[in-house]
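Structural characterization, general
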Amino acid sequence: MVEMDKALLAKAREYVQGFLEKEATGHDVFHTERVLAMSIKLAEGMDLDLTALALAALLHDLDDYKISLGTQRARSFLDRYCPDKTEMVMEIIENMSFSSHTKGKAVISIEGKIVQDADRLDALGAIGIARCFAYSGKTDRQLYKGETDDDSAIAHFYQKLLKLEALMNTDKAKMIAHERSEYMKEYLARFYQEWKGE
Ligand code: ADP
Ligand code: NI
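Residues numbered from 1 in each chain as written. Chains lettered and ligands numbered in written order. Predicted model: local features only at pLDDT ≥ 70, side-chain atom pairs only at ≥ 80, totals over all residues. Heavy atoms only, no water.

The next point concerns the site of ligand 1. Close contacts around ligand 1 come from 15 residues, with His27, Lys66, Asp119, Arg131 and Lys160 the closest. Here an oxygen atom of ligand 1 and a side-chain polar atom of Asp61 are 3.0 Å apart. Between an oxygen atom of ligand 1 and a side-chain N or O atom of Lys66, the distance comes to 2.8 Å. Relative to its unbound accessible surface of 540 Å², ligand 1 loses 90% to contact with the protein. Broken down by element, the shell around ligand 1 gets its largest block of residues, four residues, from helix H8 (residues 125–138). (Near = heavy atom within 4 Å. Polar contact = N/O pair within 3.5 Å; in protein donor to acceptor, adjacent residues only side chain to side chain. Areas by Shrake-Rupley, 256 points an atom, 1.4 Å probe, with all protein chains shown as cover. Helix = DSSP H or I, 4+ residues; strand = E, 2+ residues; numbered from the N terminus.)

This is the structure:
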């Protein structure tokens, strides 16, 4: 087990804060912190590089195309403060998104699998529902249009969110994902009831 470099993480946190302070599509600093906390929880008892795991969690959304196109913010930080971690952390970040998955890419390291699980867990449950509606509003998508195969927020539940449980890498994440997905299904049932005026 490689212990966490606390001073380095504090620097990373400050760096991330500068970019995501005003972020309003669900990729804010609080998302980053939840992904970090969940990654540490999923990593409990495992023999891995905690610093690389934490850096990947903190930096993972800085260059996401939904936030910033064509930037190299994560890589710049790593090259400057911990070049020995650049390769490992960038491999995680570049291959962990849902769109990477649909393009056939996969994260290989255990650190990457854990951060990917933690990020996906944050798209589920009560927070996942909130993030989905926030993102939808910000990108001019409607709440629901009566279908599940269009671009509405509710349709996104079926197109992506409810598929995440099956994609979890670790057993611990699978259990949490299952419980959060069940909650979302209850939410959907209630949503349809109210939609129909019941
Ligand atoms: P992350 O980068 O944190 O893995 P995503 O960028 O995939 O997450 O999405 C962030 C949040 O925005 C998610 O919680 C997801 O529900 C929501 N989101 C992403 N794409 C869409 C979409 N096309 N419609 C509605 N919500 C979306
Ligand atoms: Ni994320």
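It is worth spelling out the packing of aromatic side chains at this point. We describe a pair of aromatic rings using the distance from one ring centre to the other and the angle between the two ring planes. In this structure the tally under the stated criterion is 12 aromatic pairs. Between Phe77 and Tyr81, the aromatic rings sit 4.8 Å apart at their centres with planes inclined by 45 degrees, giving tilted as the arrangement. Taken as a pair, Phe77 and Tyr81 lie in helix H4 (residues 73–81) at a separation of four residues, close to a single helical turn. A relative accessible area of 1% places Phe77 in the buried class. (Phe/Tyr/Trp six-rings, centres within 6.5 Å; stacked < 30°, edge-to-face > 60°. Buried < 20%, exposed > 50% of the residue type's maximum accessible area, 1.4 Å probe, protein only.)

At the metal site, the nickel ion (ligand 2) is ligated by His31 (NE2), His60 (NE2), Asp61 (OD) and Asp119 (OD), and these contacts range over 2.1 to 2.3 Å. On the primary sequence, the residues serving as donors to the nickel ion (ligand 2) are separated as H-x28-H-D-x57-D. Within this pair, whereas His60 is found in the loop between helix H3 (50–59) and H4, its partner Asp119 is found in helix H7 (residues 110–121), the two being separated by 59 residues in sequence. Residue Asp119 is classed as buried on the basis of its relative accessible area, which comes to 17%. (Donors = N, O, S within 2.8 Å, 3.2 Å for Na, K, Ca; no water.)

Further remarks concern the side chain of His27. Looking at the secondary structure, you find His27 in the loop between helix H1 (6–20) and helix H2 (29–43). The class for His27 is buried, based on a relative accessible area of 9%. Among the polar contacts listed, one links the side chain of His27 to the side chain of Thr25, at a separation of 2.8 Å. Beyond its immediate stretch of four places on either side in the chain, His27 contacts Leu20, Asp61, Lys66, Ile67, Arg131 and Tyr135. (Contact = heavy atoms within 4.5 Å.)

Looking now at the pattern of salt bridges. Pairs may arise between side chains of opposite charge once their charged atoms sit close together. Evaluated as defined, the whole model comprises nine salt bridges. Asp122 is the salt-bridge partner of Arg131, the closest N and O atoms lying 3.6 Å from each other. Of the two residues, Arg131 and Asp122, neither departs from the other in class, the shared state being buried. Notably, a salt bridge pairs Glu182 with Lys185, separated by 3.3 Å at the nearest N-O pair. In this pair, Glu182 and Lys185 are both assigned in helix H10 (residues 171–195), three residues apart and thus about one turn of the helix distant. By relative accessible area, Glu182 is classed as partly exposed at 32%. Salt bridges sharing partners connect three or more residues here, namely Arg34, Asp122 and Arg131. (Salt bridge = Lys/Arg side-chain N within 4 Å of Asp/Glu carboxyl O.)

Attention now goes to the nonpolar core. Core analysis: the biggest nonpolar cluster contains 55 residues, and Leu55, Leu121 and Phe157 have the highest contact counts within it. In terms of residue count, H3 provides more of this core than any other element does, nine residues in total. In this view, Leu121 contacts Met38, Leu42, Met168, Ala173, Ile176, Ala177 and Arg180; residues no more than four positions away in its chain are not counted. (Core = buried A, V, L, I, M, F, W, Y, C linked by side-chain atoms within 4.5 Å.)

Orientation of H2 relative to H3, taken along the N-to-C sense of each, is 150 degrees, at an axis distance of 8 Å. Between H2 and H3, the angle is such that the two are roughly antiparallel. You can see that H2 and H3 cross each other, and the crossing is right-handed. Listed contacts from H3 to Thr32, Glu33, Val35, Leu36, Ser39, Ile40 and Ala43 of H2 are Leu50, Leu53, Ala54, Ala57 and Leu58. Residues belonging to the contact of H2 with H3 are distributed by class as follows: nine nonpolar, two polar and one charged. (Axes fitted to C-alpha atoms, helices over the stretch in contact; angles between N-to-C directions. Parallel < 35°, antiparallel > 145°, perpendicular 65-115°, else oblique. Left-handed = near helix turned anticlockwise from the far one by under 90°. Nonpolar A, V, L, I, M, F, W, Y, C, P; charged D, E, K, R; others polar.)

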